[in-house]
Every structure is written in structure tokens, then in C-alpha cells.
Amino acid sequence: MDELSAPRPAEAGRPPRGSRKVAKPHFPESHRGAAAGTSPSNPTAFDAVVIGAGFAGLYMLHRLRQLGLRARVFEAGEGVGGTWYWNRYPGARCDVESMQYSYSFDEALQQEWLWSERYPQQAEILRYINHVADRFALRRDIQLDTRVSSAHYNEGEQRWTVQTERSSDGSGGDIVQARFVISAAGCLSMAKVPELPGLAAFKGRWYHTGRWPHETVDFSGQRVAVIGTGSSGIQTIPVLARQAKELVVFQRTPNFSIPAWNKPLPVADQEAWKSGYAEHRAQARTTRSGILYDYSTRAGVDMSDVERQQEFDRRWQRGGANFTHAFNDIYSNKISNDAAAEYVRNKIRSTVHDAQVAALLAPTDHAIGTKRICVDSNYYETFNLPHVKLVDLRATPIEQVTPDGIRTSAQSHDFDAIVFATGYDAITGALDGIDIRGAGGRSLKDKWSQGPSTYLGLMSAGFPNLFIITGPGSPSVLTNVIVAIEQHVDWIARALGHMQAQALHRIAPVAQAETDWMLHVHEVANKTLFPGTNSWYTGANIPGKPRVFLPYIGGLGTYTTICEDVIAAGYRGFEFSASPAPALAHRPTPQVLRDTTSTETS
Ligand code: NA7
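To start, this report covers the structure provided alongside it. (Residues numbered from 1 in each chain as written. Predicted model: local features only at pLDDT ≥ 70, side-chain atom pairs only at ≥ 80, totals over all residues. Heavy atoms only, no water.)

### What to know about the overall build of the chain
Quick reminder of the rule: Secondary structure counts use DSSP, requiring at least four H or I residues in a row for a helix and at least two E residues in a row for a strand, with both numbered from the N terminus. Residue exposure (1.4 Å probe, protein chains only): buried if accessible area is under 20% of the type maximum, exposed if over 50%, otherwise partly exposed. Contacts are assigned to residue pairs that have any heavy atoms within 4.5 Å of one another. In these tables, accessible area is a Shrake-Rupley quantity obtained with a 1.4 Å probe, and a residue counts as shielded only by the protein chains included in the view.
Counting secondary structure elements, the chain contains 16 helices and 20 strands. When burial is assessed residue by residue, the chain has 60% of its 602 residues classed as buried. When contacts within the chain are restricted to residue pairs at least 6 apart in sequence, those whose partners lie at least 24 apart make up 73%. Here the chain has roughly 23,300 Å² of accessible surface; of this, 51% comes from carbon and sulfur atoms.

As C-alpha cells, then:
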């Protein structure tokens, strides 16, 4: 099975034996939404089609409406939420703290929502996203259970034709036209199940963390395999270990993980934070990652061993990814990085009782943080449990899945269930999965065959009026992604507003601007330790994927300043063309529209 045929919800994880079948979550959007145009000869026309109804798609829709534009959002899932709709695996939790992992665009929204824990659980984030969809009456323009299959640009008409797949219920297969297409398809949405021989004949159940079924999956009394030890594996392993009779973890590469020290979040603490919310948000936007961490201004190499140890202890006790900001040179200086890595390795050695297991869990092949740092609750401690085993796939690779389990080069293991925590075709996978053709019929996938190329991560030359939210070449996955999303969506909305005001019809990056930007993206990355690590940041987890560092690592604050400068310089690097007709359709603002389908709460 390849990444493009990763399981859909109906296929993945057949209900496990003994699992309790429960109804799907009852979010109000469980209706599919009114279908769009279906006739090839007379397709419905929109100002904009948005692909995806996660955090990016929802906010984009809100901003399009504010511009008076007619938009349709197509969402493959049966509910809104994107990543947080699909990632329902036991233990799924965000590694950005609750008070920062939310939208900032509406003061009332951020004041009224209450979180329950320091780090939010998947179910709570999904409730929040649904609340936003209702609060801003977004559902009437969202068509669920509808996967976009192609988007083709017609240069003569200066329009995109967007086609969707037929849905599981036989409906859909829509064809619509739009002036603009905006991808909000996400960076971590194309789940990757490894191509293991024999999987189809496995007699038990198997799951991917990123395509978890809606039904409760109960592993009680089962023999369970987990393959993969990235963030998802590290989060789910301790929870599965509490249910399973036997848990075997198949590890290819160990990862660094910092304790979350997760805990309930008192209302008083939230109120204190909220009293300065606007200032906190403004400050976060200027930082490297869009998160208010305690960023050190000192280089690790300028500190004594004692000072470094004290700094690590302080950050370890605080918990979370803040640990990796102990020095300002942690990602650029191997000596500083080694000091932090060795501190974590020592923590692993002192936590895990079996020295051999501890040695296998302690990463030695990459600089700390250059694979996404993990944040855990009792991950290393879990390996002290008698029914939890670790298999080192580097020493004993998987040869095949057998009907009864997994056979490595060393032995056969019998399992009732296999959990793939094997990650994603990240950043480019979702767009690669859509047949996108720009001017002259050129395919985006072909253009990007040696690695993606964009201007500011926002657009790609030759693909007019196609915007990408958190695209390759933007800070995206190196940030609090909601902050990155809001910045991108606001930028796109301003560009569209500019086009409305100036009666412009077409926007595309100048090829040279894109070339210069990509050179900058790679130049900045090459000053860090990141490109030297095999990770999904570099495409190394997908066989055959070009090896380039995909996000922009210059920092969100710096990037935002660059984007502002581009606007101030008259959208430097973009070219526009005027339309003889009025540029964009105007509609009444959302406040005066009557909503007949949504269930908004305010
Ligand atoms: P990740 O971080 O990509 O982790 C995937 C894990 O699965 C990682 O340990 C991989 O080992 C392992 N893997 C992948 N393919 C295989 C095969 N074929 N055999 C064995 N092991 C394999 O994905 P996650 O879902 O955990 O996290 C993704 C992001 O989501 C995370 O960083 C957060 O930003 C949220 P490898 O390291 O490639 O050797």
C-alpha cells in the first residue's frame, strides 16, 4: 500500500473483536451539506473553493465571507477539524499548551473558551473547532465527506475547475468553478502506512494513528503491536500499555522526548492569562515559533557545564518543548546540541531499568530537535512494565506481516492488533494527492518532482490564483500552526481585498521571486543542523520523495516581517492582471445573510 492509498475511515481498522460499537460523535454538522454543482456543462461558480475544513479552512472561510466572497469548502472528513478530526488515537494531545493553541482573531472567542488541561486532548480541540464552526455560522458553506480530486486552471476563462470524488454514499462527484482555489489541506494529513508484505492477510485488526476509527477501540486483554516512535507513537504507547495484555513496540529510530507534566488548568490561571491575551498573542507572533517559550539569549557554548546543567534542570522541571530553547545556538551548534541531547539520554538511562532497553531508547543518530521533539506522559517509564517489550528494527527488521502477527529477521510475534504510528507524507502529500494543473496544463506534482517550489510558501509560479495555507517554504510545522495559519489567511485575505479594490483578476508569483525565495529557504536551513537528519521535515520518511528541507526555518516573526514588506512594496514578487469585468463578485457581509442550515450558538 502506498501513501496515496492510505486507508479511509471505512477501510482502516475494521472494528476490533470485542470492541464496543458506539455512535459517531454528534456534532451538528453530521449532515453532509448541500451538494455543489454536479453538471459538467453548467457547473456552479464560486469566488473561491477552499480545500479542507481544519483550522486553516475554517478561518479562511470566515475571512472570505468578510470580503463578501462566495466560497465553498470541500472537506474529506465527515466532520470539521482536519488533523484533529482524524487523529483520535488513545492519548492524542497537542504539544502546544492550551492557552496558546487556539485562534486569536476574535477577542470574544478567546475570552469565552475554557480549557481543562495544560495540554489539550484531541477531543477537547475538536469540540473547540466545532464551537468555532457554529459560532461563526460556517457550516452552510462546508461540504463534508467530499474529497477534491482535481483542480484545473483555464487560462482563457481565468478560472479553476474543481472536481470532487464520489462519496461513500454514492453522492458527490461535483464539478464547480472558482476564481480562486485555496488549499487548506494541511501539512500532516496524508497518513502513511508502510508497504509491508502480508498486511492484507493479517487476521487481526490494524489501525493508523492518523486515521483512527470513530468507534471506541478497546485493546483490553489483547496482544498489541505499535510500529513507530514519533510523537503519535510516544503519546499512544503509555495509554495502550494500560489496556493491552502484551504490548510490543517496534522502533526504527528512537526519538527525544520531554515530559509534559500535564495537569488540570485552573480557571483562575486561565483568567490571568486572558487578561493579557491580546498582548500575549502579539508577542507570540514576533517569536521564532509563534509560541511564548522562554527563549534563551545565551549560546550553549558560552556557558559552563554547571550553568548548562542548571538550565536543563529548570526546563526539564517545567516540561514541554520549551526544553529545546535552552540556548540560542541549540540548532546551529553541534556542541550545544550534544550537551542537551546527552542530558536527555541520561534521563532515559536513569528512568528505564533495563540498561539494554535504555540504550535502545536513547537517540544517538540525530541532533536533538531536528526530528520533531516529542512531549510525553510516562513514555520511558512504560518500558519498565513487564508486559511491554521493545524491538529494535535496525537490528531485526520486519520481514513481513503474517496472518497471526509480525515476523522480523529474528522471530515471529503473534498479535491481535497492529497500530501504525508511522506518520505522514508531510507538507506536500495532500497537494500531491490532488491532480492540480495550472497555466498550460502543467501539473503541480510534476513541477515539484525534484522538491516543492513556492514564493513565500503561499503560491507557486505558473499556478495563478492558487493559494496554499502553510505551504512548503513557509514556517508551518515549525510553529504553533494556528498562528502560522492566521498569518497566512490574513495575508491572502489582504491580497484578495487589494484585488477587489484595484479590479484585478489574476495573481501569480514572478518566477524569479520564487527562485530567490527557495534559495533563501535552503540557505537558512543549511545554517542549521536540521538538513542533516532523516526526518519528515526533509521527506526522508517517504521512499522516493526528494530530499529537501521543506519548511522555512528563518522564524515566524522574521517571515511575517518579510510578508509585510512584500505588501508594503506593492506585492513585490507577485504579478497581477486586470479583468475587463468587475474583479470579484460582491455579496452582502455575513451579518446580513440568513443562515438556514447551521446551528450556531451565538
Ligand atoms: P512521525 O513523527 O513521522 O513518526 C513516525 C514513526 O514511524 C517514526 O518513528 C518512524 O521511524 C516510524 N516509521 C515510519 N515508517 C516506518 C516503517 N516502515 N517501519 C518502521 N517504522 C517506521 O509521525 P507521528 O505521527 O508520530 O508525528 C507526526 C507529527 O504529528 C509530529 O511530529 C507532530 O508534529 C504531530 P523513522 O524515524 O522514520 O525511522
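### Considering the pairing of strand 1 (residues 44-51)
Sheet faces and side chains relate simply in a regular strand, where the side chains alternate between the two faces. Short version of the rule: For two strands to count as paired, DSSP must find a minimum of two bridges between them. Consider the strands pointing away from the viewer: the crossover is right-handed when the path from the first strand over the helix to the second runs clockwise.
Among the 8 residues of strand 1, 6 are classified as buried, and the element is accordingly described as predominantly covered. Pairing geometry for strand 1 and strand 6 (residues 175-183), over 7 bridges, is parallel. Paired with Ala48 across the strands is Phe180, a residue of strand 6. When strand 1 meets strand 2 (residues 71-74), the two strands line up parallel, connected through 4 bridges. For Val50, the partnering residue across the bridge sits in strand 2 and is Val73. Chirality of the crossover, the property in question, places the unit of strand 1, helix 1 (residues 55-66) and strand 2 among those that are right-handed.

### What to know about the packing of aromatic side chains
The geometry of an aromatic ring pair is captured by two quantities: the separation of the ring centres and the angle between the planes. Here is the rule: Ring geometry is summarised as follows: Phe, Tyr and Trp rings, the Trp one being its six-membered ring, pair when their centres sit within 6.5 Å, and such pairs are stacked at plane angles under 30 degrees, edge-to-face over 60 and tilted between the two.
Overall, the coordinates contain 41 aromatic pairs when judged by the stated rule. Centre to centre, the rings of Tyr552 and Tyr559 are 5.9 Å apart; their planes meet at 50 degrees, and the pair counts as tilted. Tyr559 carries the same exposure label as Tyr552, and that label is buried. Centroid distance Tyr571 to Phe576: 5.6 Å. Interplanar angle 85 degrees. Geometry classified as edge-to-face. Among the aromatic side chains, those forming a connected cluster through ring pairs are Phe55, Tyr59, Trp84, Tyr101, Tyr103, Phe105, Trp113, Trp115, Tyr128 and Phe136.

### Some words on the environment of Gln121
The topology assignment puts Gln121 in the loop between helix 3 (107-112) and helix 4 (122-135). With relative accessibility at 35%, the residue Gln121 sits in the partly exposed group. Each C-alpha atom, one on Gln121 and one on Arg88, is 9.5 Å from the other, the two residues being 33 residues apart in sequence. Excluding residues within four positions of it along the chain, Gln121 makes contact with Ala92 and Arg93.

### Here we look at unusual backbone geometry
At Leu456, a position not held by glycine, the phi torsion is positive, near 65 degrees. Counting through the fold element by element, Leu456 comes out in the loop between helix 13 (444-447) and strand 18 (466-468). Located in the positive-phi region is Tyr571, a residue other than glycine, with phi close to 60 degrees. If you trace the backbone, Tyr571 turns up in the loop between helix 16 (556-568) and strand 20 (574-578).

### Structural notes on the environment of Thr422
This is how it is decided: Counting of polar contacts relies on pairs of N or O atoms within 3.5 Å, with two restrictions inside protein: one atom must be capable of donating a hydrogen and the other of accepting it, and residues adjacent in sequence are counted only when both atoms are side-chain atoms.
If you trace the backbone, Thr422 turns up in the loop between strand 16 (417-420) and helix 12 (429-432). Once the C-alpha coordinates of Thr422 and Gly228 are considered, the two residues, 194 residues apart in sequence, prove to be 5.0 Å apart. Among the polar contacts listed, one links the side chain of Thr422 to the backbone oxygen of Lys192, at a separation of 2.6 Å.

### Structural notes on the nonpolar core
To keep things clear, this is the line we draw: The term nonpolar core refers to a set of buried residues drawn from Ala, Val, Leu, Ile, Met, Phe, Trp, Tyr and Cys, joined through side-chain atoms within 4.5 Å.
Counting residues in hydrophobic clusters, the biggest one holds 132 residues, and the most contacted among them are Phe55, Leu247 and Trp491. Per-element accounting of this core gives the leading share, 9 residues, to helix 14 (residues 481-502).

### Some words on the site of the ligand
Our working rule: One heavy atom suffices: a residue is near a molecule or strand as soon as one of its heavy atoms comes within 4 Å of it.
Around the ligand, the surrounding shell holds 18 residues, and the nearest of these are Thr229, Ser232, Arg252, Thr253 and Lys371. Gly230 is positioned such that a nitrogen or oxygen atom in its backbone is 3.4 Å from an oxygen atom of the ligand. Between an oxygen atom of the ligand and a main-chain N or O atom of Ala421, the distance comes to 3.2 Å. When the ligand sits alone it has 770 Å² of accessible area, and the protein chains cover 85% of it.

### A word on the sheet that holds strand 14 (residues 405-408)
Backbone-to-backbone hydrogen bonds join strands into a sheet, with any given pair of strands oriented parallel or antiparallel. Threshold: For helices, the fitted line uses only the C-alpha atoms of the stretch in contact; every axis is such a line through C-alpha atoms, and the angle between N-to-C directions lies from 0 to 180 degrees.
Pairing is antiparallel in the open sheet, where 3 strands are placed in the order 13-14-15. With one partner strand each, in any of the chains shown, strand 13 (398-402) and strand 15 (412-414) form the two edges of the open sheet. With strand direction ignored, the average angle separating the axes of adjacent strands in the sheet is 20 degrees.

### Description of empty space enclosed by the protein
To be explicit about the condition: With a 1 Å grid laid over protein atoms only, a set of points is called a cavity when a 1.4 Å probe fits there but cannot get out and a pocket when it is open yet has protein on both sides within 12 Å along at least five of seven lines; lining residues have an atom within 4 Å of a point. Grid points are joined across faces, edges and corners, and a volume is the space filled by probe spheres set on the points. Under the convention adopted here, Pro, Cys and the residues Ala, Val, Leu, Ile, Met, Phe, Trp and Tyr are nonpolar, Asp, Glu, Lys and Arg are charged, and Gly plus all remaining residues are polar.
Applying the stated criterion to the full structure yields 3 cavities of 30 Å³ or more. Computed from the structure, the largest cavity encloses a volume of approximately 100 Å³. Gln100, Arg281, Ala284, Gly290 and Val483 are, among the 16 residues lining the largest cavity, the residues nearest its centre. Contributing elements (two or more residues each) for the lining of the largest cavity: helix 7 (277-285) and helix 14. With 5 residues, helix 7 is the largest single contributor of residues to the lining of the largest cavity. Within the lining of the largest cavity, the residues separate by chemical class into 7 nonpolar, 6 polar and 3 charged. What the second largest cavity holds in volume is close to 60 Å³. Lining the second largest cavity are Ser183, Ala185, Gly186, Ile427, Ala430, Leu431, Ile468, Ile469, Thr470 and Gly471.

### Things to note about the side chain of Gln177
Structurally, Gln177 can be placed in strand 6. Given the relative accessible area of 17%, Gln177 is considered buried. Beyond its immediate stretch of four places on either side in the chain, Gln177 contacts Pro43, Thr44, Ala45, Phe46, Glu157, Arg159, Trp160 and Thr161.

### A short note on the packing of helix 1 against helix 14
Quick note on the threshold: Our angle categories are set so that under 35 degrees counts as roughly parallel, over 145 as roughly antiparallel, 65 to 115 as roughly perpendicular, and the remainder as oblique. Working rule for handedness: look at the near helix, and if it is turned counterclockwise from the far one by less than a right angle, call the crossing left-handed; if clockwise, right-handed.
Running from N to C, helix 1 and helix 14 point in directions that differ by 30 degrees, and their axes come no closer than 9 Å. As the angle between them shows, helix 1 and helix 14 are arranged roughly parallel. Considering how the two elements wind past one another, helix 1 and helix 14 form a crossing that is right-handed. Contacts between helix 1 and helix 14 involve Phe55, Ala56, Tyr59, Met60, Arg63 and Leu64 on the former and, on the latter, Ile482, Ile485, Glu486, Val489, Asp490, Ile492, Ala493 and Leu496. Its residues assigned to classes, the contact of helix 1 with helix 14 comprises 11 nonpolar, no polar and 3 charged.

### Considerations on the sheet that holds strand 16
Spatially, 7-16-8-9-12 is the arrangement adopted by the 5 strands of the open sheet, whose pairing is parallel. Only two strands of the sheet have a single partner each, and these edge strands are strand 7 (205-208) and strand 12 (388-392). Strand-to-strand twist in this sheet, taken as the mean axis angle between neighbours without regard to direction, amounts to 20 degrees. Running at roughly 160 degrees to strand 9 (residues 246-251), helix 5 (residues 231-243) makes contact with strand 8 (223-227), strand 9, strand 12 and strand 16 of the sheet.

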